[in-house]
Structures are given as structure tokens and as C-alpha cells.
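Here's the letter readout for the chains.
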Amino acid sequence: LVYAFEKEDVKIKWGRENVFSTRPSLRRTAETIYGLSCMTQYSDVEAQEQGERVQGEVSEILECQLDASNFDASEEAIFENVGGKTLWTGLFHSLFRHYELHG
């Protein structure tokens, strides 16, 4: 999490990138996150609109439930489907300590 996980990292970790493989896939993960398939032809306008919708929805949820100035005070609901608040506050504090030590 302290650096971008790029295609070259995928090759090192999983051997190669292949969306059809049963192994992990960076493209398949992106499809899940963004709700856009790499296999479907999208016009630039269509992809842009979908991206803006996803960004808007995520921003709205974060603004309502995440307290950036005091992460521990964030709403429990934002974390309930992704491992729970304890897990995420632990990750937050771990990353915070990492950046304090390493910049």
C-alpha cells in the first residue's frame, strides 16, 4: 500500500497478467472496483460517465462517514462489508507510523 501496484509488479508476483486465468488478475480487480469490463467496447463518453458516477458515489459516502481529521471517529458502517472498522483503523495507524518513520 505504500506504492502503486502496477503491471510489472503483477508479473513479479503472479507470473503474468491474464484476465482469463484462474490466478489473480490486475484487470479483473480493476473491473470489480470500477464496474467497467476490459472486454466491452465503451465510447470514451460512456466510460467517462461511469467513472464520474463511481467517483461521485464514493466521494459522497466518504464525506458522510469517514472522518479524515480523526480516522478513529469514522462511522462503523463504512467498514462493515470490508472487514470491519478495527481492521481498517489498524491499517491506518500502521501506515501512519510507516510514513512518520520513512516519510
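Scroll up to find the structure this text is about.
Residue numbers run consecutively from 1 along every chain, following the written order of its sequence. Confidence filtering applies because this is a predicted model: local features only for residues at pLDDT of at least 70, side-chain atom pairs given and counted only at 80 or more, and all residues used for totals across whole chains, interfaces and linings. To get the side-chain values, take all heavy atoms of the structure and skip hydrogens and water.

What is the right way to look at the overall build of the protein in this model?
Helix and strand counts for the protein come out as four helices and zero strands. A run of DSSP states H or I qualifies as a helix once it reaches four residues; a run of E qualifies as a strand once it reaches two. Both are numbered from the N-terminal end. Listed N to C, the secondary structure of the protein is α-α-α-α in terms of helices and strands. Radius of gyration: C-alpha atoms only; globule rule: 2.2 Å multiplied by the number of residues to the exponent 0.38. The C-alpha atoms of the protein give 17 Å as radius of gyration, which overshoots the globular expectation for 103 residues (13 Å, by more than 25%). Principal-axis analysis of the C-alpha atoms gives the protein an extent of 40 × 35 × 25 Å. Throughout, exposure labels follow a simple rule: accessible area from a 1.4 Å probe, protein chains only, divided by the maximum for the residue type, with under 20% read as buried, over 50% as exposed, and the rest as partly exposed. Among the 103 residues that make up the protein, the fraction classed as buried is 16%. For this analysis, residues touch if any pair of their heavy atoms sits within 4.5 Å. Partitioning the intrachain contacts of the protein with sequence separation of at least 6 by distance along the chain shows that 8% fall at a separation of at least 24. For the protein, the accessible area works out to roughly 8,300 Å², and carbon and sulfur atoms hold 54% of it. Using a 1.4 Å probe, accessible areas were evaluated by the Shrake-Rupley method; residue-level cover was limited to the displayed protein chains.

I'm lost on helix 1 (residues 7-14) in this one. Help?
Three or four residues apart is the spacing at which side chains of an α-helix point the same way, because the helix has 3.6 residues per turn. Among the residues of helix 1, those classed as buried are Asp9, Val10 and Trp14. Buried residues in helix 1, looked at end-on, bunch into an arc of 105°, giving them a common side. Of the exposed residues in helix 1, the ones pointing more than 90 degrees away from its buried face are Glu8 and Ile12. Where helix 1 is buried, its residues touch helix 2 (26-34). The reported arc concerns the directions from the helix axis to the C-beta atoms and nothing else.

Please clarify how the side chain of Ser74 should be interpreted in this entry.
Looking at the secondary structure, you find Ser74 in the loop between helix 3 (44-65) and helix 4 (85-102). Under the rule applied, a polar contact is a pair of N or O atoms within 3.5 Å (in protein, one hydrogen donor and one hydrogen acceptor; residues adjacent in sequence only if both atoms are side-chain atoms). A distance of 2.9 Å separates a polar side-chain atom of Ser74 from the backbone nitrogen of Asp67. Apart from residues no more than four positions distant in its own chain, Ser74 is found in contact with Gln65, Leu66, Asp67, Phe79 and Lys85.

In this structure, what is going on with the side chain of Thr89? I would like to understand it.
Looking at where Thr89 falls in the secondary structure, it is placed in helix 4. Thr89 sits in the buried class, given a relative accessible area of 12%. Every residue in contact with Thr89, bar those within four places of it in the chain, is listed here: Phe71 and Asp72.

Which parts of the structure should I look at to understand the pattern of salt bridges?
Two side chains of opposite charge can pair, provided their charged atoms sit close to one another. The salt bridge definition used is simple: a Lys or Arg side-chain nitrogen within 4 Å of an Asp or Glu carboxyl oxygen. On inspection of all chains with the given rule, the structure shows one salt bridge. We note a salt bridge from Glu8 to Lys11, for which the minimum N-O separation is 3.4 Å. Of this pair, Glu8 and Lys11 both sit in helix 1, three residues apart, which is roughly one turn of that helix. Looking at Lys11, the relative accessible area reads 36%, which means it is partly exposed.

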